[in-house]
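Commentary on secondary and tertiary structure
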Amino acid sequence: MQLYDIRREAVMRDARATVTTKFRPTNSDEAIAVLKQDHPLNGAIRQVVSYWEMVYGMMKWGILHPDFGLESTGEGMVLFAKMEPYLEEVRAQKTGVQFNNAEWVASHTEAGKKLMERLRPRFAPAVAAR
């Protein structure tokens, strides 16, 4: 598997840095806006979300053990924690970015549940709106 090498690729590194530092939705409008093609962060968000959905899909289907996958990085779960409060509205827009595998990891694996317990308070809408 080349999951680590993909994370280190220059375009992916750029996209990850952009999403980590610039994507901080405080309401559903902001969460939905980034998923539209004309939004400046759209390319980065699509790159990063599709990567993590692939990784979390591997966890869901038993290709990669969730404990192993989450012990070295919580980056994808951070992105999910930022988007989770707005998932219903995001999914209603049928944007193609659904976070289905991230949600599965967050709710069906012990490692995901424990990580999300720590992340949710940090990225709750009230905290993000400060």
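This report concerns the structure included in the present document.

Rules of the game
Here, residues in each chain are numbered from 1, in the same order as that chain's written sequence. Only residues with pLDDT of at least 70 are given local features in this predicted model, and only at 80 or more are side-chain atom pairs given and counted; all residues enter the totals for whole chains, interfaces and linings. Computation of side-chain values covers all heavy atoms of the structure but excludes hydrogens and water. Residues enter patches when their relative accessible area tops 30% and they take part in no salt bridge; the joining distance is 9 Å for like charges and 5 Å for the nonpolar side chains Val, Leu, Ile, Met, Phe, Trp and Tyr. In these tables, accessible area is a Shrake-Rupley quantity obtained with a 1.4 Å probe, and a residue counts as shielded only by the protein chains included in the view. We count a salt bridge whenever a side-chain nitrogen from Lys or Arg sits within 4 Å of a carboxyl oxygen from Asp or Glu. The sign given to each residue is positive for Lys and Arg and negative for Asp and Glu; His and the chain ends receive no count. Each charge is placed at NZ for Lys, CZ for Arg, CG for Asp and CD for Glu. By the criteria applied, helices consist of DSSP H or I runs no shorter than four residues and strands consist of E runs no shorter than two, each listed in order from the N terminus. In this scheme, a residue with accessible area under 20% of its type's maximum is buried, one over 50% is exposed, and one in between is partly exposed, where area comes from a 1.4 Å probe on protein chains only. For helices, the fitted line uses only the C-alpha atoms of the stretch in contact; every axis is such a line through C-alpha atoms, and the angle between N-to-C directions lies from 0 to 180 degrees. We call two directions roughly parallel when the angle between them is under 35 degrees, roughly antiparallel when it is over 145, roughly perpendicular when it lies between 65 and 115, and oblique otherwise. Each crossing is labelled by how the near helix is turned from the far one, with a counterclockwise turn of less than a right angle marking it left-handed and a clockwise turn marking it right-handed. What makes two residues a contact is simply this: any of their non-hydrogen atoms within 4.5 Å. Here, nonpolar core refers to any group of buried Ala, Val, Leu, Ile, Met, Phe, Trp, Tyr and Cys residues whose side-chain atoms link them within 4.5 Å.

Comments concerning a negative patch on the surface
On the surface, D29, E30, E88 and E89 cluster together to form a negatively charged patch. Only helix 3 (28-33) and helix 7 (87-92) provide two or more residues apiece to the negative patch. Counting through the fold element by element, E89 comes out in helix 7. Residue E89 is classed as partly exposed on the basis of its relative accessible area, which comes to 34%.

A few points about the packing of helix 4 (residues 42-60) against helix 8 (residues 100-108)
Following both chains from N to C, one finds helix 4 and helix 8 inclined at 50 degrees, their axes separated by 8 Å at the closest point. With respect to helix 8, the element helix 4 is oriented oblique. Seen from above, helix 4 lies across helix 8 with left-handed handedness. Along its contact with helix 4, which presents E53, Y56, G57, M59 and K60, the element helix 8 presents N100, N101, A102, W104 and V105.

Some details on helix 6 (residues 75-83)
With eight of its nine residues buried, helix 6 lies for the most part within the structure. Looking at helix 6, one finds that the buried residues are E75, G76, M77, L79, F80, A81, K82 and M83.

Regarding the pattern of salt bridges
Scanning the model with the defined rule gives four salt bridges in all. Of the charged contacts in the structure, one is a salt bridge between R16 and E75, with a shortest N-O distance of 2.8 Å. Linking R16 in helix 2 (residues 10-22) with E75 in helix 6, this pair joins segments that are 59 residues apart in sequence. The exposure class assigned to R16 is buried, which follows from its relative accessible area of 13%.

What about the nonpolar core?
What tends to happen in soluble globular proteins is that the nonpolar side chains get buried as a cluster. Y56, M77 and F99 are the most contacted members of the largest nonpolar core, which has 39 residues in total. Where this core is concerned, the elements lending two or more residues are helix 2, helix 3, helix 4, helix 6, helix 7, helix 8 and helix 9 (110-123). With 10 residues, the single largest contributor to this core is helix 4. Residue contacts for Y56: discarding those within four places in its chain leaves L70, G76, M77, N101, A102 and V105.

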